[in-house]
Amino acid sequence: MSMKDFTYRLGEFWADFRKETSGLIGLGILALCVVVVLLEPVFLPYKDIDGNWRDITYWEDNPPAAPPAWTNLFAKEKSATTIRFESPSVSDEEDPEYGPVRVFTFKYPYKFDKSPLDIIMRAKGTGMLFMNISMERPDGNSVFLGQVYQDGLVGDQIRFAVDTDARGSVYEFIRDHASEEAISQSDSSNVKPTEIIFAQTGEKMLSERIPLKGDYLYKIKIPASLFEDGSNSIEDVRLVVTGRVSGVLGTDTSKRDIYSGIIAGLKWALFIGLITSIISVLVGVMYGIICAYFGGATDTIMSFIFEVFVSMPMLPILIVLSAIFKPSIWIIIGSMIAFYWVGPVKTVRSMALQIKEETYIEAAKALGSSKWRIIFKHMAPLLLPYSFANMALSVPGAIVAESSLSLLGLGDPTIISWGQILHDAQLSGATLNGLWWWIVPPGLFIAVMGMTFAFLGFAMDKILHPKLRTR
Amino acid sequence: MYKWYAFKRILRGVFMFALLMCLFSLLFNQVNEQTQRSQINEQVKMESMKLRNMRSEQLTAWRDNRLDQLTKLYKLDRPLAERVLFRALNTITFRFGKSTIIKSSKGDQDVLTILLEALPRTMVLFSVAIVFELILGIWLGLKKAQKPGGRLDKSTSFVTMIIYGMPSWWLGMMLILLFVYVLKLFPSGGVNSVPTPQGFAFVLDRLWHMALPIMTLVILGFWSLAFVIRNLVLGILQEDYIMSARARGVPERKVLFGHTLRTAAPPIVTMALLSLLASLSGAIIFEGIFSWPGLGNLYWVAVQQNDIPVLMGDLAITTGVYQAGLVFLDLIYGFLDPRIKVGGKA
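Computed from a prediction, not measured in an experiment: that's the story for all the values here.

Enquirer: Go over the overall build of chain B, please, and point to the residues and values.
Expert: Along the backbone of chain B there are 13 helices and zero strands. Since a compact globule built from 346 residues should have a radius of gyration of about 20 Å, the 26 Å found for chain B marks it as more spread out than a globular shape. Seen through its C-alpha atoms, chain B measures out along the principal axes to roughly 100 × 55 × 40 Å. Contacts in chain B between residues at least 24 apart in sequence constitute 69% of all its contacts with a sequence separation of at least 6. A total of about 18,200 Å² of accessible surface is found on chain B, and carbon and sulfur atoms cover 65% of it. Charged side chains of chain B number 37 positive and 22 negative; the gap between the two group centres comes to 7 Å.

Enquirer: Tell me about the packing of helix H5 (residues 111-146) of chain B against helix H11 (residues 295-305) of chain B, residues and numbers included.
Expert: Residue and element names in this part refer to chain B. One can describe the packing of H5 onto H11 by two numbers: an axis separation of 7 Å at closest approach and a directional angle of 135°. Looking at the two axes, H5 sits oblique to H11. Packed against H5, whose contacting residues are Ile114, Leu115, Ala118, Leu119 and Thr122, the element H11 presents Leu295, Gly296 and Leu298 at the interface. Class assignment for the residues of the contact of H5 with H11 results in six nonpolar, two polar and no charged.

Enquirer: Talk me through the interface of chain B and chain A; I want residue IDs and the actual numbers.
Expert: Often, the extent of an interface is quoted as the loss of accessible area upon association of its parts. Tallying the contact residues gives 44 residues for chain B and 44 residues for chain A. Between chain B and chain A, roughly 3,900 Å² of surface is buried when both sides are summed, and carbon and sulfur atoms account for 83% of that area. When the buried surface of chain B facing chain A is broken down by residue, Met161(B), Tyr164(B) and Trp170(B) rank first, second and third, together holding 16% of it. At the surface where chain B touches chain A, the tally comes to one salt bridge. Here Arg12(B) and Glu307(A) are joined by a salt bridge, their closest N and O atoms 3.1 Å apart. Where chain B meets chain A, there are five residue pairs in polar contact (both at pLDDT 80 or more). Secondary structure elements with two or more residues in the side of chain B that touches chain A: helix H1 (2-27), helix H6 (151-162), helix H7 (168-182), helix H10 (252-289), H11 and helix H12 (308-336) of chain B. Counting residues per element, the side of chain B that touches chain A draws most heavily on H12(B), at nine residues.

Enquirer: Could you give an account of the nonpolar core, naming the residues involved and the relevant values?
Expert: Judged by nonpolar contacts, the single largest core of 137 residues is most densely connected at Ile319(A), Phe28(B), Trp169(B) and Ile285(B). Take this core: its biggest share by element is twelve residues, from helix H18 (residues 436-464) of chain A. Apart from residues lying up to four places away in sequence, Ile319(A) is in contact with Leu405(A), Leu408(A), Leu410(A), Ile284(B), Ile285(B), Tyr299(B) and Val303(B). Ala80(A), Phe112(A), Ile196(A) and Leu212(A) belong to the second-largest nonpolar core, a separate cluster that totals 45 residues.

Enquirer: A description of the packing of H10(B) against H12(B) should follow, citing residues and the corresponding values.
Expert: Residues and elements named next belong to chain B. Between H10 and H12, whose axes approach to 9 Å, the crossing angle comes to 175°. Viewed along their axes, H10 and H12 adopt a mutual orientation that is roughly antiparallel. Residues Arg262, Ala265, Pro266, Pro267, Val269, Thr270, Leu273, Leu274, Leu277 and Leu280 of H10 touch H12, and the partners they reach there are Val321, Tyr322, Gly325, Leu326, Phe328, Leu329, Ile332, Tyr333 and Leu336. Each residue belonging to the contact of H10 with H12 can be placed in one class, and the counts come to 16 nonpolar, two polar and one charged.

Enquirer: How would you sum up the layout of surface pockets? Please name residues and give values.
Expert: Regions of empty space are outlined by a rolling probe, equal in size to a water molecule, passed over the atoms. Residue and element names in this part refer to chain B. Computed from the structure, the second largest pocket encloses a volume of approximately 870 Å³. With nine residues, the single largest contributor to the lining of the second largest pocket is helix H2 (residues 29-50). For the lining of the second largest pocket, a count of residues per class yields 13 nonpolar, 14 polar and four charged.

Enquirer: An account of unusual backbone geometry is requested, with residue identities and associated values reported.
Expert: If a residue is not glycine, its phi is most likely negative; likewise, a peptide bond is most likely trans. Residue and element names in this part refer to chain B. For phenylalanine 94, which is not a glycine, the phi torsion comes out positive at approximately 60°. In this structure, phenylalanine 94 sits in the loop between helix H4 (80-92) and H5. The backbone of asparagine 306 shows a phi angle near 55°, a positive value even though the residue is not glycine.

Enquirer: With reference to specific residues and values, describe the environment of Leu321(A).
Expert: Here Leu321(A) shows up in helix H11 (residues 314-325). Accessibility expressed as a relative area gives 16% for Leu321(A), which makes it buried. Linking Leu321(A) and Pro413(A), residues 92 residues apart in sequence, is a C-alpha distance of 16 Å. Residues within four places of Leu321(A) in sequence aside, it is in contact with Lys326(A), Leu27(B) and Phe28(B).

Enquirer: Describe the pairing of strand S4 (residues 118-136) of chain A, with residues and values.
Expert: When a strand is regular, its side chains alternate between the sheet's two faces. Residues and elements named next belong to chain A. Most of S4 sits out of view: 14 of its 19 residues are buried. Pairing of S4 with strand S7 (residues 233-242) involves eight bridges; the strand directions are antiparallel. When the bridges of S7 are listed, aspartate 118 appears paired with threonine 242. In this structure, S4 lies alongside strand S5 (residues 142-161), joined through 16 bridges in antiparallel fashion. Within S5, the residue paired with methionine 135 across the bridge is valine 143. If you look at the hairpin formed by S4 and S5, you'll find five residues sitting between the two strands, and glycine 140 has a positive phi there, around 95°.

Enquirer: Before we move on, could you go through the packing of aromatic side chains and cite the residues and values that matter?
Expert: Per the stated rule, a full pass over the model turns up 40 aromatic pairs over all chains. A centroid spacing of 4.9 Å and a plane angle of 85° characterise the contact between Tyr58(A) and Trp59(A), whose relative ring orientation is edge-to-face. Overall, the relative accessible area of 1% leaves Trp59(A) in the buried class. Geometrically, the ring pair formed by Trp4(B) and Phe7(B) is stacked, given 5.9 Å between the ring centres and 25° between the ring planes. With a gap of three residues between them, Trp4(B) and Phe7(B) both fall in helix H1, about one helical turn apart. Ring-pair connections join several aromatic residues into one group, and the members of that group are Phe85(A), Phe106(A), Tyr108(A), Tyr110(A), Phe112(A), Phe198(A), Tyr216(A) and Tyr218(A).

Enquirer: Any chance you could break down empty space enclosed by the protein for me, citing the residues and the numbers?
Expert: The full count for this structure, using the stated rule, is two cavities of 30 Å³ or more. Estimates place the volume of the largest cavity at around 80 Å³. Around the largest cavity, the lining residues are Leu119(B), Thr122(B), Met123(B), Leu280(B), Ala283(B), Ile284(B), Leu295(B), Gly296(B), Tyr299(B), Thr318(B) and Val321(B). At the level of secondary structure, the elements contributing two or more residues to the lining of the largest cavity comprise H5, H10, H11 and H12 of chain B. When the residues that make up the lining of the largest cavity are grouped by side-chain class, the tally is eight nonpolar, three polar and no charged. Put simply, the second largest cavity is a space of about 60 Å³. Along its surface, the second largest cavity is lined by Gly265(A), Trp268(A), Ala269(A), Ile272(A), Gly273(A), Ile399(A), Glu402(A), Ser403(A), Ser417(A), Trp418(A) and Gly419(A). For the lining of the second largest cavity, the secondary-structure elements that each account for two or more residues are helix H9 (258-294), helix H15 (371-407) and helix H16 (418-427) of chain A.

The rules behind each value
Residues numbered from 1 in each chain as written. Chains lettered and ligands numbered in written order. Predicted model: local features only at pLDDT ≥ 70, side-chain atom pairs only at ≥ 80, totals over all residues. Heavy atoms only, no water. Helix = DSSP H or I, 4+ residues; strand = E, 2+ residues; numbered from the N terminus. Rg over C-alpha atoms; globule rule 2.2 N^0.38 Å. Contact = heavy atoms within 4.5 Å. Areas by Shrake-Rupley, 256 points an atom, 1.4 Å probe, with all protein chains shown as cover. Lys, Arg positive; Asp, Glu negative; His and termini not counted. Charge placed at Lys NZ, Arg CZ, Asp CG, Glu CD. Axes fitted to C-alpha atoms, helices over the stretch in contact; angles between N-to-C directions. Parallel < 35°, antiparallel > 145°, perpendicular 65-115°, else oblique. Nonpolar A, V, L, I, M, F, W, Y, C, P; charged D, E, K, R; others polar. Buried area = accessible area lost by both parts, 1.4 Å probe. Salt bridge = Lys/Arg side-chain N within 4 Å of Asp/Glu carboxyl O. Polar contact = N/O pair within 3.5 Å; in protein donor to acceptor, adjacent residues only side chain to side chain. Core = buried A, V, L, I, M, F, W, Y, C linked by side-chain atoms within 4.5 Å. Buried < 20%, exposed > 50% of the residue type's maximum accessible area, 1.4 Å probe, protein only. 1 Å grid on protein atoms, 1.4 Å probe; cavity = no way out; pocket = protein on both sides within 12 Å on 5 of 7 lines; lining within 4 Å. Points joined across faces, edges and corners; volume = space filled by probe spheres on them. Pairing = 2+ DSSP bridges. Phe/Tyr/Trp six-rings, centres within 6.5 Å; stacked < 30°, edge-to-face > 60°.

In structure tokens form, the structure reads like this:
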């Protein structure tokens, strides 16, 4: 089949395909997925997720098991969302207490009803550093959060988390404002620093917390004299406000951002599904053609091998295989192909048996064409279109099979797949704890992937149906 | 004639099962032998602890002797081919040996007992589900075929495509989330409540536990069955004898259920059984979600506990059931299709 033939047939196919609404929907979703995979960094809030998915410290600034941020839309009391501030405004001031200081200021507009869980400052320091950290509230009060003193830094990470490092100093703030009686009744270990910082002051500030909305200023004051010595420096100062709701799809109990996991898993799902189905269908089609064309003893033996593969239950064997050999994703794909290639064989064989008897095959033979030339030049091009629909329709099966393995905890731990996210969810009892944002999206994406390829496959099947195309 | 056909098909099934067991035995030879060796060591250790009044060199000699004896018994000293065949033969005759960790409900460690305890539970779940699927699938398929291209036909075909790649276990999770967590209507898993009620209440309790898994299977299953039945029935409805039946004034109900369904019966049964077999294979994950202690859940437990003998036994039984299903499929096809019954070609 020449190039011209091919483009002609492709154009013909497209003219038919355009009429299939569901097929177009499928094509649209698939195109969208490909775009997302190609432009992955744009869609990922955490760029270097691929090696860090199982690294607990990578995720430590996130809230655990937080619902998605958009749940605020349906909630009566709005919860603070997770926000990151990258660049503070830097100024040199004259502080009444510390003298000349350099101040790093983050402005946090707080407009929620429920306070954040934590406020975490991160920086990279060199040499000796001393800083006073405080928070200026919209009502004019200032909450002293704590001091950080570190020496001998060589570009080390500095981390100051309000929830753990500022408990004592926030309690001082309560002492200044709440009534004696309330303080004596309260238990200092039960006080959450962020809840105090973002609540109005008053006699009853411990029992009823009325949110104080407005602009908060998080200030890091470093004595200016420190920087006279050139070896002391601070850079990369960042602030993370850990909300009660977080990200597009929330977080899991190990604080991982589920949305990032889903996006990073998309490329694997697509890859696993497509590579498995394409290779296995091609192998199956060729197997069927060779079976039919050669006939005789070859056919008998090959049909027998085919029958052996058909009578094996795929998933149980895959599970036992991966439980024992702990394979990588490549071996998993390989063994899936070993089971999926049987799909088109039977149909292709019977179709090839008919084509084999056609007169033009006879003519080719008479002209002295070799067996393989006839198979590849005359039979395969006729039977391949049929296999395209088959390819699309066997993608979901491969994706689901890999997810099933991962769900059992037998997946490749070096990749992120939707099944693995579900496995973690299942392990933490997400279903029974009602963490729906952890279970719904991965499965939903598997289902949507399945739907996409079903749309494509059924549309193609309708157009390329062998009964209509090959006499 | 049918008897001969059936005999041949069963024989082929048995042969295929034996062949697959040999293959598995070869494939998993190493891990099987490792497990067996550690089991033998364990056994010798246990036995030597019971011995009294023995000097240390006597004890070592006895131990070595016993180890040797057991190694010979399990043919671990023989060449590879013999070992593989020996173990395959054991599997074919359902001698799976002892589990390493998992116990049956009565505390038995015999793998076969554990498997036979789980098998009926899986069977009950899936046979009930397939009955519902068949009823709903045939009903919907006929409705669709009566008005092809109609609103019902189009919308249900659309649904079929939407749920095409939906994993049954995920739908199970969703239904648990909805019915257990939000509506609090059904139990989250298991076969019976604790404490288990007696008498009639036991049956009710069992049904209550079965409702959610069966609902999941049926919701996902009957669409595709209806889709296939629609295509089959549609093809048959265009045949001449249907037209002549209608022309003779045979009532439409009788045309549908008598003439059409009878002709469509063999492929429909094939489809239904094939989907049953496919779902049986997928049941591994599915049962784990509902903690339904069937064969599938056993895989889950065996993988987590790394109990190789149970895993192997489970694989053998599943393959056996699958194989039996394929044989049964052909037998029932031959029974329903008169062309095979008289020995012609289908």
